[in-house]
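Results of the structural survey
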Amino acid sequence: MGSLYQDPMAAVPMIVMDDTIGLRVVPDEMRLTDPVFLRHVLCGSIVLHNLFHVVLCYRQLRTCNLHQEPPRQMRAVMSPASFLEAKNTEMHAVDLQLMGYVFDAIFSCIELYFGVFHTLWDRTMALYGNVGELVWRNLAYMALFSTYMVLRLLPLVFYEKLMLDNRYNVDPETAPPLVGVVCALAFVIVFVQVLLIPLTAIFLYIEIHGGYYFVLWIWGFLFAVSVLALVFFSLFGLPCLGKSSKLPEGSLRSALLEVLEDYKFPADRVSLMHTFHIAKATAYVWGYCCCKRLVILDNLILNRAMPLAELLPEEVDLGLSDSQVAAFVAHQLSHWRHYHMVKGFILVHVSLIIYMVLFGTCYHVHALYEAAGFPHNSYPIIVGYWLVYKYVMPPYLTVSNWIVFYFIRHSEYRADNEAWRMGYGHSLREALLKLFADHSVFPFDDHWYLMWYRTRPSCLQRIRNLQRLDLGTRLSMIELI
């Protein structure tokens, strides 16, 4: 790795020969090894990628505009005013997302064609060129680079505060003002430094000592951490979310015992977790063999299973009834029965290791750095992480994310179908409606937008699926008669 850098003399700044491609637009040859041609390909790739996601966002905005009232299945729990508020919130988020892709494509092309990253490296060398340690130069570069990446967000911030907030009637009392957001970015710059500098040092150490495919060591580390996390959760639950206790005697326990018996899940492995107020209302099932665990968050239960006098005003009447909780748990146990967590874990890590291999291969292509404006064999190690992630890997991520998201959504439908088959379809539909009423969101999704931006089907889609199952059963009974 040291061959990539000129050894500095004591107190003498590093001298880098300026043999960059500059603003050249005509390549010497039409091959990816030609940095000028590669720069055109990378910019074209990022433009096409972002244009694809702009189209997806546009389709979702069009879906929002086409619907003027709640769906028939949800009119009893969603008023027209709530629907309009949820619609404005959704359109604000998607519009901001759309413009984020537009600004990102513009900045990405400017950064490649005008050598922004090389300019940052030159500035780093002007300040720290007499520092002999390679790692310290890269850490200094990362500090400057991360600051630039935060400032890169300013146009999107101005667009949101000066245009979107007024267009979608955002309440100024609930949204931070422009000055507040800009001041917060200053804090973000400091926070990013504190977070990224140690990570940069770790990644540099792994790369220097990990060989050509050092990224496999990173994957191995992530795999080991995720396995240990699953084992820990199976043995001890989720102590980070709150305090766990045994499920008390009562009507809820009686309703759950029937479900647990249907799914052959041990009743002594069920616990109730008293959560913080920010936790999502849900239940979790982990483990197999002797490490099974079912954790029910208390905010899933009606009124948190507490006296009304102990609740906050906004917590009253939130949560599910006993039969609805039982149906929701049946859905979660259906995931467990069909090994959806294990299959998802394997799918994610297969996708991740392919990503890492591709990443490690592209990371060592010198033409990539020259396409970004660096001289041949003179660039900071750490900039390769961003170049490969930003300009090379998006096509793969687009495909792999679609596959993973499709599997997760299919798993949700299969778990719903299993719960329906076990006789919990009606209660599960009521549970979905109640959770939707407690935390209303815009109920409609464009099909294409959903495939790349929703890991789970919407509440409306799941309710319609359960209704189709009921309708199919009634039609079958009519045919038999």
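Below: a short report on this structure. Given the structure is predicted, the values throughout are model-derived calculations rather than measurements.

The nonpolar side chains of a soluble globular protein tend to be buried, and buried together. Ranked by internal contacts, the top residues of the largest apolar core, which has 60 residues, are Leu294, Ile296 and Leu333. With residues near it in sequence (within four places) discarded, Ile296 still touches Leu256, Val270, Ser271, Leu272, Met273, Thr282, Ala283, Ile301 and Val329. Judged by nonpolar contacts, the second largest core, of 42 residues, contains Leu42, Leu120, Met149 and Tyr369.

At a minimum axis distance of 10 Å, the contact between helix H10 (residues 340-363) and helix H12 (residues 383-392) shows a crossing angle of 115°. Handedness of the crossing formed by H10 with H12: right-handed. On H12, the residues that touch Tyr355, Phe359, Cys362 and Tyr363 of H10 are Gly384, Tyr385, Val388, Tyr389 and Val392. Taken together, the residues that form the contact of H10 with H12 break down as 8 nonpolar, 1 polar and no charged.

Here strand S2 (residues 270-275) lies mainly inside the structure; 5 of its 6 residues are buried. Across 4 bridges, the pairing between S2 and strand S4 (residues 293-297) is parallel. Within S4, the position partnered with Met273 by the bridge is Leu297.

As a further point, take the side chain of Thr200. Tracing the chain through its elements places Thr200 in helix H6 (residues 178-210). Judged by its relative accessible area of 3%, Thr200 falls in the buried class. Apart from residues lying up to four places away in sequence, Thr200 is in contact with Leu139, Met142 and Ile382.

Let us now look at the environment of Gly287. Among the secondary structure elements, Gly287 is positioned in the loop between strand S3 (283-286) and S4. Gly287 sits in the buried class, given a relative accessible area of 11%. When the C-alpha atoms of Gly287 and Leu230 are compared, they prove to be 7.9 Å apart, with 57 residues separating the residues in sequence. Discounting residues that sit within four places of it in the chain, Gly287 has contacts with Ser234, Lys292 and Trp336.

On to the packing of H10 against helix H13 (residues 394-438). With their axes 11 Å apart at the nearest point, H10 and H13 run at an angle of 180° to one another. Classified by the angle between their axes, H10 and H13 sit roughly antiparallel to one another. Two secondary-structure elements touch here, H10 through His340, Lys343, Gly344, Leu347, Val348, Ser351, Ile354, Tyr355 and Leu358 and H13 through Tyr396, Leu397, Ser400, Ile403, Val404, Phe407, Ser411, Arg414 and Ala415. Looking at the contact of H10 with H13 residue by residue, the class counts come to 11 nonpolar, 5 polar and 2 charged.

Turning to the packing of aromatic side chains, a few remarks are in order. A full pass over the atoms with the stated rule returns 28 aromatic pairs. An angle of 70° between the planes, with centres 6.5 Å apart, marks the rings of Phe374 and Tyr379 as edge-to-face. Like Tyr379, Phe374 is buried. An aromatic cluster is present here, built from Phe214, Tyr355, Phe359, Tyr363, Tyr369, Phe374, Tyr379, Tyr385 and Tyr396 joined pairwise through their rings.

Time to look at helix H3 (residues 116-128). Counting along an α-helix, one turn takes 3.6 residues, and residues three or four places apart therefore face a common direction. Here H3 spans 18 Å end to end across 13 residues, near enough to the 18 Å set by a 1.5 Å rise per residue. Among all positions of H3, only Val116, Phe117, His118, Leu120, Trp121, Thr124 and Met125 are buried. Its buried side turned inward, H3 meets helix H2 (80-113), helix H4 (134-151) and H12.

The rules behind each value
Residues numbered from 1 in each chain as written. Predicted model: local features only at pLDDT ≥ 70, side-chain atom pairs only at ≥ 80, totals over all residues. Heavy atoms only, no water. Core = buried A, V, L, I, M, F, W, Y, C linked by side-chain atoms within 4.5 Å. Buried < 20%, exposed > 50% of the residue type's maximum accessible area, 1.4 Å probe, protein only. Contact = heavy atoms within 4.5 Å. Axes fitted to C-alpha atoms, helices over the stretch in contact; angles between N-to-C directions. Helix = DSSP H or I, 4+ residues; strand = E, 2+ residues; numbered from the N terminus. Left-handed = near helix turned anticlockwise from the far one by under 90°. Nonpolar A, V, L, I, M, F, W, Y, C, P; charged D, E, K, R; others polar. Pairing = 2+ DSSP bridges. Parallel < 35°, antiparallel > 145°, perpendicular 65-115°, else oblique. Phe/Tyr/Trp six-rings, centres within 6.5 Å; stacked < 30°, edge-to-face > 60°. Expected span 1.5 Å × (residues − 1).

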